[in-house]
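Listed below, chain by chain, are the residues.
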Amino acid sequence: MPPEATSLLTAEAVNAGYGTMQVLWGVDLDVRAGETVLLLGTNGAGKTTFLKSLVGLIEARHGSIRLGEADVTRMRSSERMRLGMTYMSELAVFPDLSIEENIRIGAQALGHPNPKLNDLYEIFPVLREKRRAPASSLSGGQRKMLGIAKALAAEPRLLVMDEPSAGLSPLFVKEVIRILSDLRGRGLALLIAEQNIAFLEVASRVFVLEGGRIRFSGTVAEMTDNDALRQAYFGLK
Ligand code: ATP
């Protein structure tokens, strides 16, 4: 079957930037239904810029973005969300509100007034325990969980995540990876931008972004077979 037949997200030849500075140069990337894709790149490679252009927070100056059958290149961010693409941003956690209020408000904002709280608490038992506590009482790792739960309350087909490991201890990074594996098992498609290669564990395919250009795309096994990439990202010869 050609990849297009099962593609959920297809970005082709995307250019984007800020003012006169061009950051992305003809970026191609696709995510198939239910697949976990890792966008790997060092600081400043353009990962955040690319994710923002996918979800509609900045404009793609050239190229196209499709979500399922729909061309979303010129759509507002809210319309892309309604079509099933949710961007996870932990900034959207309100510290004074309880965990449950946070989830409800997040879901409402994303057009899902009745979030399936029990399903979410099954994935994040710690949030059930603390559901009446203010979000400010959560640890950094737990706050990250809440951010993911809020995004999931919108019941997306594709969850787009920018550096879920940021600010987390190695122990919590493991916990986030465990949760992402769980989500993958539930059929959710994930696009994860990271510089932490630990996330290769959950991915089926990987795109390496360098200087705003895709340097490599392939399976995780193909990446680890590539001598130059292995050296650059794993420090191995
Ligand atoms: P990081 O892991 O540091 O977030 P990244 O791969 O996500 O890195 P981007 O944040 O997309 O990279 O940044 C790519 C380039 O765009 C960098 O040179 C950065 O300085 C620049 N840049 C990012 N945001 C802005 C902005 N709002 N205005 C101007 N330049 C920006």
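Since the model is a prediction, treat every value here as computed from it, not as a measurement.

Draft legend 1. Focus on the site of the ligand. Taken together, 13 residues lie near the ligand, and Gly 44, Lys 47, Thr 48, Thr 49 and Glu 163 sit nearest. Side-chain polar atom of Thr 49 to an oxygen atom of the ligand: 2.5 Å apart, as the coordinates give it. Protein chains shield 57% of the accessible area of the ligand, which is 630 Å² for the free molecule. The element contributing the most residues to the shell around the ligand is helix α1 (residues 47–55), with 3 residues. In terms of residue class, the shell around the ligand is built from 4 nonpolar, 7 polar and 2 charged.

Draft legend 2. View of the nonpolar core. Ranked by size, the top nonpolar core spans 45 residues in total, and within it Ile 103, Phe 124, Leu 127, Leu 152, Leu 159, Leu 180 and Met 223 carry the most contacts. Both domain 1 (7–84 + 157–234) and domain 2 (95–155) contribute no fewer than three residues apiece to this core. With residues near it in sequence (within four places) discarded, Leu 152 still touches Leu 120, Ile 123, Phe 124, Leu 159, Leu 183 and Leu 188. Among the nonpolar cores identified, the runner-up in size contains 31 residues, and Val 27, Ala 60, Leu 67 and Leu 158 belong to it.

Draft legend 3. Representation of the pattern of salt bridges within the structure. Going through the model one piece at a time under the given rule, you end up with 11 salt bridges. Across the salt bridge formed by Arg 215 and Glu 210, the nearest N and O atoms sit 2.8 Å from each other. A relative accessible area of 41% means that Arg 215 is categorised as partly exposed. Judged by relative accessible area, Glu 210 falls into the partly exposed class, the value being 28%. When salt bridges that share partners are traced, they join Asp 30, Arg 32, Glu 35 and Arg 205 into one network.

Parameters and conventions
Residues numbered from 1 in each chain as written. Predicted model: local features only at pLDDT ≥ 70, side-chain atom pairs only at ≥ 80, totals over all residues. Heavy atoms only, no water. Near = heavy atom within 4 Å. Polar contact = N/O pair within 3.5 Å; in protein donor to acceptor, adjacent residues only side chain to side chain. Areas by Shrake-Rupley, 256 points an atom, 1.4 Å probe, with all protein chains shown as cover. Helix = DSSP H or I, 4+ residues; strand = E, 2+ residues; numbered from the N terminus. Nonpolar A, V, L, I, M, F, W, Y, C, P; charged D, E, K, R; others polar. Core = buried A, V, L, I, M, F, W, Y, C linked by side-chain atoms within 4.5 Å. Buried < 20%, exposed > 50% of the residue type's maximum accessible area, 1.4 Å probe, protein only. Domains from an automatic or database assignment. Contact = heavy atoms within 4.5 Å. Salt bridge = Lys/Arg side-chain N within 4 Å of Asp/Glu carboxyl O.

By themselves these figures say nothing about function.
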